[in-house]
Amino acid sequence: MAYHYSPIKKLERLLACVNAIYTLIRDINFECTGKARSMGADEFLPIFIYVLALSGVCDVGQEVLFIQGLLDPPLLIGEPGYYLTTLASSIMLLKSLDFEKSHKILPTVGHLQSMFQIHFTDTDMEQIAYKTLPINQNTTTADLLETLVAKFRLDTPSEYGLFQVEDGREVQLLPSECPQFIKNQWLVESLERDINAYFSFHKIT
C-alpha cells in the first residue's frame, strides 16, 4: 500500500491481499479434504490479523485514514468498505493487546469495535444464523432492529426483539440503548473475568 500514491490503488492492494488469503485457505482446504471450502468472517479474521501483524507494513493506520479521507464515499460501499473497516479495527485490536498476558481466545469479528455480531433464531423456521454488521457506536436498538428485519426479510417485525445474553441470563434491550456500548463493556470485563455474552435476535415470547 505504501508504494502507491493513489487511494484507489491502495484500496486495490488491500482487496488483493484479502483475495490472496481466501484463495490460499481455499486451496489448503481442497488439498486436505478434497473440498474447496471457503471461510466465514470469524475464520478469516484471526488469519488476517496474523498476516497484518507479521507484514512489517509501517504506518498502516495512516494509510487507512488516507483512503477514507480522499475516496468518494460511494466507492467505500459494500466489500471495499467492509474490508477497510476490518483493517482499521484490526489495527485498533492489535494496539490494545497486552502482550504480557496470555490470550486464550483468538480474536473474532465480535471483538472489532465497528463490527457487531448477532445470533438469530427463528423458531418457526427452525433457523439459526449469525449475522455480522458494521455499525457505529451511536446506533440504537431501534435502528438496528430495522436493519435486521430488512436483512432477514421478516413479515412481522413487531414480534421480534434484540436481547443481551450474559452468563445464561437474557434481557431485552430498550429501543434507546446502544448495543455497541454494551459490547465494549463486555470486552473490558473479559480482561478481569471469564464472561459468556452475546446478542440474540428472536421473537418476543
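Residues numbered from 1 in each chain as written. Predicted model: local features only at pLDDT ≥ 70, side-chain atom pairs only at ≥ 80, totals over all residues. Heavy atoms only, no water.

Draft legend 1. Representation of the nonpolar core. Core analysis: the biggest nonpolar cluster contains 21 residues, and Leu14, Phe44, Phe48 and Leu87 have the highest contact counts within it. For this core, the elements supplying multiple residues, two or more each, are helix 1 (7–33), helix 2 (41–54), helix 3 (60–70) and helix 4 (79–96). No other element matches the six residues that helix 4 contributes to this core. Contact partners of leucine 14, with chain neighbours within four places excluded, come to Phe48, Tyr83, Leu84 and Leu87. Counting 17 residues, the second largest nonpolar core, distinct from the first, contains Ile135, Phe152, Tyr160 and Leu162. (Core = buried A, V, L, I, M, F, W, Y, C linked by side-chain atoms within 4.5 Å. Buried < 20%, exposed > 50% of the residue type's maximum accessible area, 1.4 Å probe, protein only. Helix = DSSP H or I, 4+ residues; strand = E, 2+ residues; numbered from the N terminus. Contact = heavy atoms within 4.5 Å.)

Draft legend 2. Representation of helix 3. Those residues of helix 3 not exposed but buried are Val60, Glu63, Val64 and Ile67. The buried residues of helix 3 occupy an angular sector of 100° when projected down its axis, which confines them to one face. Away from its buried face, by an angle of more than 90 degrees, helix 3 presents the exposed residues Gln62, Leu65, Gly69 and Leu70. (Arc of directions from axis to C-beta.)

Draft legend 3. Up close: the pairing of strand 3 (residues 160–166). Most of strand 3 sits out of view: six of its seven residues are buried. The sheet contact formed by strand 3 and strand 5 (residues 197–203) spans seven bridges and is antiparallel. In the strand pairing of strand 5, phenylalanine 163 is matched with serine 200. (Pairing = 2+ DSSP bridges.)

Draft legend 4. How the structure looks around the confidence of the model for the protein chain. Looking at the protein chain as a whole, its pLDDT mean stands at 78, while 80% of the residues score no less than 70. The least confident element of the protein chain is strand 2 (residues 127–134), whose mean pLDDT is 66; the most confident is strand 4 (residues 169–172), at 93. (pLDDT = per-residue confidence, 0-100.)

Draft legend 5. A look at the packing of helix 1 against helix 3. Between helix 1 and helix 3, whose axes approach to 9 Å, the crossing angle comes to 125°. With respect to helix 3, the element helix 1 is oriented oblique. Judged by the twist between their axes, the crossing of helix 1 over helix 3 is left-handed. Contact residues: helix 1 offers Pro7, Lys10 and Leu11, while helix 3 offers Glu63, Phe66, Ile67 and Leu70. Residue composition of the contact of helix 1 with helix 3, by class: five nonpolar, no polar and two charged. (Axes fitted to C-alpha atoms, helices over the stretch in contact; angles between N-to-C directions. Parallel < 35°, antiparallel > 145°, perpendicular 65-115°, else oblique. Left-handed = near helix turned anticlockwise from the far one by under 90°. Nonpolar A, V, L, I, M, F, W, Y, C, P; charged D, E, K, R; others polar.)

Draft legend 6. Helix 1, seen in detail. For helix 1, which comprises 27 residues, the first-to-last C-alpha distance of 39 Å matches the rise-based estimate of 39 Å (1.5 Å per residue) to within 8%. Taken together, the buried positions of helix 1 are Pro7, Lys10, Leu11, Leu14, Val18, Ile21, Ile25 and Asn29. Positive backbone phi, at 80°, marks glycine 34, one or two positions downstream of helix 1. (Expected span 1.5 Å × (residues − 1).)

Draft legend 7. Structural context of a nonpolar patch on the surface. Taken together, the side chains of Tyr50, Val51 and Leu54 present a nonpolar region at the surface, about 320 Å² in accessible area. Residue class for tyrosine 50 comes out exposed when judged on its relative accessible area of 56%. (Patch = residues over 30% accessible without salt bridge, like charges linked within 9 Å, V, L, I, M, F, W, Y side chains within 5 Å. Areas by Shrake-Rupley, 256 points an atom, 1.4 Å probe, with all protein chains shown as cover. Salt bridge = Lys/Arg side-chain N within 4 Å of Asp/Glu carboxyl O.)

Draft legend 8. Region of interest: the environment of isoleucine 49. Relative to the elements of secondary structure, isoleucine 49 occurs in helix 2. Considering only alpha carbons, one finds isoleucine 49 and isoleucine 91, 42 residues apart in sequence, at a separation of 8.2 Å.

Draft legend 9. Layout of unusual backbone geometry. Non-glycine residue aspartate 167 carries a positive phi angle of around 50°. Take aspartate 167: it is sitting in the loop between strand 3 and strand 4. Under the relative-accessibility criterion, aspartate 167 is labelled partly exposed at 45%.

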